[in-house]
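So you can see what is in the structure, the chains are spelled out below.
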Amino acid sequence: MGSNNIIAEIQRDHMYNLLMRGERVDGRAFDEYRPISIETGVIARAEGSAHVKIGESQVVVGVKIQIGTPFSDTPDKGVIITNAELIPMASPSFESGPPKDYAIELARLVDRGIRESKALDLDRLCIEEGEKVWMVFIDIHALDYDGNLVDAASLGALAALLTATIPNKKYEVSDEDVQLTVREMPIAVTAIEFEGEIMVDPCLHEEAVASSRITVISNQDGSICGIQKIGTDSLTEDQVNRAVDMAINKAREIRERFFINI
Amino acid sequence: MGSNNIIAEIQRDHMYNLLMRGERVDGRAFDEYRPISIETGVIARAEGSAHVKIGESQVVVGVKIQIGTPFSDTPDKGVIITNAELIPMASPSFESGPPKDYAIELARLVDRGIRESKALDLDRLCIEEGEKVWMVFIDIHALDYDGNLVDAASLGALAALLTATIPNKKYEVSDEDVQLTVREMPIAVTAIEFEGEIMVDPCLHEEAVASSRITVISNQDGSICGIQKIGTDSLTEDQVNRAVDMAINKAREIRERFFINI
Amino acid sequence: MGSNNIIAEIQRDHMYNLLMRGERVDGRAFDEYRPISIETGVIARAEGSAHVKIGESQVVVGVKIQIGTPFSDTPDKGVIITNAELIPMASPSFESGPPKDYAIELARLVDRGIRESKALDLDRLCIEEGEKVWMVFIDIHALDYDGNLVDAASLGALAALLTATIPNKKYEVSDEDVQLTVREMPIAVTAIEFEGEIMVDPCLHEEAVASSRITVISNQDGSICGIQKIGTDSLTEDQVNRAVDMAINKAREIRERFFINI
Amino acid sequence: MNAKPEKFIIDGLRLDGRRPDELRPLKISAGVLKRADGSCYLELGANKVMAAVYGPRQVHPRHMQDATKAIVRYRYNMASFSVGDRKRPGPDRRSIEISKVCRDAFQPVVIKERHPRLAIDVFVEVLQAGAGTRTAGINAASVALADAGIAMKSLVASCAVGKVDDTLVLDLMKEEDNYGQADMPIAVIPTTGEITLLQMDGHLTRDEFGTGFKMAMEGCQKIHEAQKEALAKCYQMKDDGGEQVGE
Amino acid sequence: MNAKPEKFIIDGLRLDGRRPDELRPLKISAGVLKRADGSCYLELGANKVMAAVYGPRQVHPRHMQDATKAIVRYRYNMASFSVGDRKRPGPDRRSIEISKVCRDAFQPVVIKERHPRLAIDVFVEVLQAGAGTRTAGINAASVALADAGIAMKSLVASCAVGKVDDTLVLDLMKEEDNYGQADMPIAVIPTTGEITLLQMDGHLTRDEFGTGFKMAMEGCQKIHEAQKEALAKCYQMKDDGGEQVGE
Amino acid sequence: MNAKPEKFIIDGLRLDGRRPDELRPLKISAGVLKRADGSCYLELGANKVMAAVYGPRQVHPRHMQDATKAIVRYRYNMASFSVGDRKRPGPDRRSIEISKVCRDAFQPVVIKERHPRLAIDVFVEVLQAGAGTRTAGINAASVALADAGIAMKSLVASCAVGKVDDTLVLDLMKEEDNYGQADMPIAVIPTTGEITLLQMDGHLTRDEFGTGFKMAMEGCQKIHEAQKEALAKCYQMKDDGGEQVGE
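Here the structure is a predicted model, which means the values were calculated and not measured. (Residues numbered from 1 in each chain as written. Chains lettered and ligands numbered in written order. Predicted model: local features only at pLDDT ≥ 70, side-chain atom pairs only at ≥ 80, totals over all residues. Heavy atoms only, no water.)

> For this particular structure, what's the right way to read the interface of chain C and chain E?
For an interface, size is often stated in terms of accessible area lost upon the parts coming together. The interface is formed by 34 residues belonging to chain C together with 27 residues belonging to chain E. For the pair chain C and chain E, the summed buried surface comes to about 2700 Å²; carbon and sulfur atoms form 53% of the total. At the junction of chain C and chain E, the tally comes to six salt bridges. A salt bridge links Asp-245 of chain C to Arg-206 of chain E; the shortest N-O distance between them is 2.5 Å. Looking at the side of chain C that touches chain E, the elements with two or more residues in it are β4 (79-85), α2 (100-116), β12 (224-231) and α5 (237-259) of chain C. It is α2 of chain C that provides the largest number of residues to the side of chain C that touches chain E, a total of nine residues. Among the residues forming the side of chain C that touches chain E, the class breakdown is 12 nonpolar, 11 polar and 11 charged. Sheet topology note: the β12 of chain C/strand β11 (residues 194-204) of chain E ladder contains four bridges and is antiparallel. Bridge pairing links Ile-227 of chain C to Met-200 of chain E in β11 of chain E. (Contact = heavy atoms within 4.5 Å. Buried area = accessible area lost by both parts, 1.4 Å probe. Salt bridge = Lys/Arg side-chain N within 4 Å of Asp/Glu carboxyl O. Helix = DSSP H or I, 4+ residues; strand = E, 2+ residues; numbered from the N terminus. Nonpolar A, V, L, I, M, F, W, Y, C, P; charged D, E, K, R; others polar. Pairing = 2+ DSSP bridges.)

In structure tokens form, the structure reads like this:
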């Protein structure tokens, strides 16, 4: 994204010098997130929803649960569909249609976290084999893009799912709406590599300077359910290992802080 | 459309002077339409059709009536689908794909006139609740664009519907084709505002000079079923009221002249 | 395609002089093809497939046979769908999306050969009238474009069909997969006209120089099932007749050489 | 979706307890986004909309530029999750028409001559839809434009009037919108009373049109007050040392 | 759609009473649209087509220009209501192929060198389809090009020959097209006999091809006469003081 | 598609007889296409992929150019017939993501500064898919880039590691991919061990990640040897008087 971003270009030199002195632009420690806020239930018309802020980055995630037909090769499983809209509101660089591959990568990464962690039990989302299953649509709407959308979107998806309701009444499946069962809490932690250092939760300026970042999605037991290296530079094995360790730790912190009582 | 239109740009000054003297380009009175001709039944393959000319503007409207499935939220109602094609044949300014939003606005405006006036009884277009209903496709094909397409398209849609047949035999619904029942005759009348004056049926040059126009669609009893202000300039309340009064009067004249014996 | 092709432009003059002396660029006779190779069964996941080379032109054709619903106006017939992808790999001139109309013409021409020769018995591809029929997808993938794609694609389609299997087991239609019945062997032969001479199998340079070519598809008995003139120049009746005669002869040779034992 | 109510007005009050000429609760916050040059979050009844403004900024491709003045672009969009049944993402015919009429609602007030060749981009995202999203969007966009420091002759205020049980009512709520007899959104320049958007569908007599029009006008005046308050509050916060958002 | 007739030719006459080598009734009017530079409305049997020509005019985007000559563009389009079952608006694979071969049918006659960098745009709209729309469209386009004053070596005339009941027949009607044994549309330069379009599908022996080809050629000559008449009538009307359409 | 096997590893061997750390049979041929500047055909197990490289060449439209260096573009595409159920032609969300990460896998090795404003285009076509198409495609693309004479710091080699029956296995085959517990494709610069692509999904403990990563690294080294061999063979053939393909 960096090279498209005018502000980033202007401040690149300044930031470079700062980072050379071991400092981050906003004074954070290398393993420190910006302030995180998560508000759930913000969209009454959605079955689940969350408004997440990480620093100035803002994302709304809405979960819609509707009845549909299963895929023919998985007739007894519900369906998860994850979509991300990088609307032009969120960034001057999204003006003429946002970078399509970036939005798709974001959505697929969030999707993999939910899917591979087995957070949702797709078998339980089957209503009538081959005929009727619950379709869980996870829609990510980025409102303000100040870096690290992946983690914000992942947190939003998890929070929205954790508070989502299966609309049994609306679809006349049963007399009572029940809460969606979520069995795992995958948390994505993204870090950049810059001059050999690994720093979590890059703000926009940091994303612009570092040419590579890595997202690691981990589970409650510290196991890993997803990894993606993003960007144009290479990483060493040591850097990858440090990023993975840091991600597992930060994920645990975030999980305990936000999701233990949800 | 004006600023895209080379001819309009060249003649703008001339027209301005004329209009300043209270005259219209082609000598008409402010509340006077160009010659209107309506020919129905022009497309044998369509269930209803009309070729409308207002001055040099030419539109063909074809109505196709086919069987389809109803929308899930209105299982007992037929469906109206209105589409307008501003084909590049009709104007040099439609060359590289016509302005998409203009074509959509045109189609939706014609659609609202038919729908909101309740000209068609959607309940009667249901064949089998939730399964089979009549789909009424109203396709507007602009051939020559010399201003005021909205009124031409609206007249064409109404005339095509008034002469349309429900193809019961083709779809084996019954042994006899019957005429489509049309319960109301909504007529759209478009006027421009120029230097405080309201003038109906703008030709292309007038559309190019006036930055605002207003379409009022009215029923047989003089009530209103649709209004749309189009264009970049504002209107005063007084101007709107004069346009509404003029539109209701002209609609009555047109209805009596063309549709009383259809 | 010629005018888009840089190499062609450069060599145009040289080629013109050569052709003036009655010679072809690569020393072939006017009615002589470049070396042809046809390898079938190259794609195990397809029900039928062929890799065809004519000179340096390379095409892979895959035939997929799946179950689908018939068209409503032919409820008792199977479906043939032919598609050609002129992927950017195959030519520098296909870079920014290949010429769409060229790919469509290619696919439709191959399709007409198969369809009009009645090579496939569409009645036999019906499994259950109005409900289930075999869909035969013929997908043409051009890998290297050195002229005369039409003939390569046609040969590939025929070879792939002749070696294709109906996957009865996979779709639980019966216990045994059977070979697809192919009743006719339509062969497309393309020729260019240049300075009054007709030459078959144009290479890329010849296609660039000649502004018109003609494809004639003929059957085993020498009858014709498809013709298409392609390009911007006109042909005389005499030229057309010579091309037709040459095509019928060459088709017979190719058929005997490649398809008699398939 | 709820079924059609038997009566819309009981003892002079509407389903949600409002009088016929009363607006729904309105909440406006300016300057809520970092990246946009101006922004506004607005709630009106069940509607939740976000508006952002970028510009004046460069226009690509170049042939869309106007050599004599800035162009105004307007994108009205509904989030997939904003409505009862999930909406497919991206523009549909309805949103394209709404974007067009809303864009034109701002053409008379934006002073475009100052910025030839540039664009002023207005983005409206409906996060939750509850009848009247286009008017809510215009009201938010108006504040966002001011927050972005775009030169305007005036704010634009927008409000709809409708008809239920043969009674004219201001600012339709969902049931009134779905099952009512008419809907007429307008947008005005509150200081002059000039109309910049006018649409209507349904059924109104000539007299109802005139009366309803005046009701909608008064609704716009009330909204205008709320818009001014929100902007004042936003500027005060900035003066009090808050971050200079959108400046 | 009608079912397949048992016989196509009875007592030497076709279903509509024509002899095998007879054209359907043909009606051509030039100069019928105001905005286009040239236009033509044509009826051939059940076909109703309108052709319009714009140009020579500028080409956008620029990389489509040819620095040495004008480019010819051709859009063949069927109106949604032109066929039995409503057609989705916009181009499909069939119309894209037809547009391509029809464009090439005019390349040899249009004198393109006079207008480097410009485009000559031909638009053909099928308002009612009744077999042979591409040939009807070419015949109309040819007249529209002349009406637009585009320099051409010659008009182009087009006609199809087909086979039903093992008999060659000229200018197929709908049933003959749907259920016949072959269809071969051609377009020619009538003055020289050169072929500018040639397609064929179905089944023809080598001899039938030769004979059918000559039949189609003769059909084109007849059409050429009608084209010239229509243009003469149009110019006469203009000389008589009618509006100077398309000049 | 086959059903899930009961066991993936029996007596220490996998379904196709391989040891856990063994690659599938690999076959690489460079210089197989005439038109492309460089090309490579590769088979890895059931995978059949073709890679072609064009460039450095001009970029249209111009706003996509980078004034300081060449841009790398990468198109991963699956042929419709490459999979069990026919795939709709053209890009889908999966192939768009794969194209992105594969493009970035080559960014660190291609010396882009030599060719400002130009593009290096890599096209990978999957003709037959059999698990691991993205890694197969990268391996072929790497050879095609070399064959095209594109200046690179090093080849890139790619390989996946996965988990079945709680055992780490190299280079997943179809059943292991469909029903396994994890899949982690990586791409590396073999000479330095630097990672240019890393993805993972499924379930791995922290330790499995570390061990699997090293396995994948070793797989990449083996592939690198095969890549170098194929290039050597190709150049030798050219020296022996074969056609100068791709030079």
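Additional details are given in the paragraphs that follow.
> Looking at this model, I keep getting lost on the sheet that holds strand β7 (residues 118-128) of chain E. Mind explaining?
Two modes of strand pairing occur in sheets, parallel and antiparallel, and in both the strands are linked by backbone hydrogen bonds. All names here are of chain E. Taken in spatial order, the five strands make up an open sheet running β3-β4-β5-β7-β6, and their pairing is mixed. Two strands in the sheet have a free side with no partner beyond their single neighbour: β3 (26-30) and β6 (71-78). Across the sheet, the mean angle from the axis of one strand to that of its neighbour is 15°, orientation sign disregarded. Two strands pair when backbone bridges link them, and β6 and β7 are joined in this way by eight bridges, in the parallel orientation. (Axes fitted to C-alpha atoms, helices over the stretch in contact; angles between N-to-C directions.)

> Would you take a moment to explain unusual backbone geometry for this structure?
Working note: non-glycine residues mostly have negative phi, and peptide bonds are mostly trans. Cis geometry is found at the peptide bond from Gly-55 of chain D to Pro-56 of chain D, where omega equals -5°. Although it is not a glycine, Asn-148 of chain B adopts a positive phi angle of roughly 55°. With respect to the secondary-structure elements, Asn-148 of chain B resides in the loop between β6 (132-144) and α3 (149-162). Phi at Asp-201 of chain C takes a positive value of approximately 50°, unusual for a residue other than glycine. Its place among the elements puts Asp-201 of chain C in the loop between β10 (197-200) and α4 (204-209).

> Please explain the packing of aromatic side chains as it appears in this structure.
We describe a pair of aromatic rings using the distance from one ring centre to the other and the angle between the two ring planes. Applying the stated criterion across every chain, the model contains 18 aromatic pairs over all chains. Taken together, a centroid distance of 6.5 Å and an interplanar angle of 50° make the contact between Tyr-102 of chain C and Tyr-145 of chain C tilted. Taken together, the positions of Tyr-102 of chain C in helix α2 and Tyr-145 of chain C in the loop between β6 (132-144) and α3 (149-162) put the pair 43 residues apart, joining distant regions of the chain. Note on Phe-209 of chain E and Phe-213 of chain E: the rings are 5.7 Å apart at their centroids and 50° apart in plane angle, and the pair reads as tilted. Remark: Phe-213 of chain E and Phe-209 of chain E occur in helix α4 (residues 206-239); sequence separation between them is four residues, near one turn of the helix. Both residues of the pair, Phe-209 of chain E and Phe-213 of chain E, count as buried. (Phe/Tyr/Trp six-rings, centres within 6.5 Å; stacked < 30°, edge-to-face > 60°. Buried < 20%, exposed > 50% of the residue type's maximum accessible area, 1.4 Å probe, protein only.)

> Just to check I follow, could you spell out the interface of chain A and chain D for this structure?
With 33 residues of chain A at the contact, the number on the chain D side is 36 residues. When chain A packs against chain D, the two sides together hide about 2700 Å² of surface, and 54% of this comes from carbon and sulfur. Considering only the surface of chain A that becomes buried against chain D, Arg-45, Met-89 and Glu-95 of chain A emerge as the three largest contributors, covering 27% of it. At the surface where chain A touches chain D, the tally comes to three salt bridges. Note that Asp-139 of chain A and Arg-86 of chain D form a salt bridge whose closest N and O atoms lie 2.5 Å from each other. Viewed at the interface, chain D and chain A are joined by 19 residue pairs in polar contact (both at pLDDT 80 or more). (Polar contact = N/O pair within 3.5 Å; in protein donor to acceptor, adjacent residues only side chain to side chain.)

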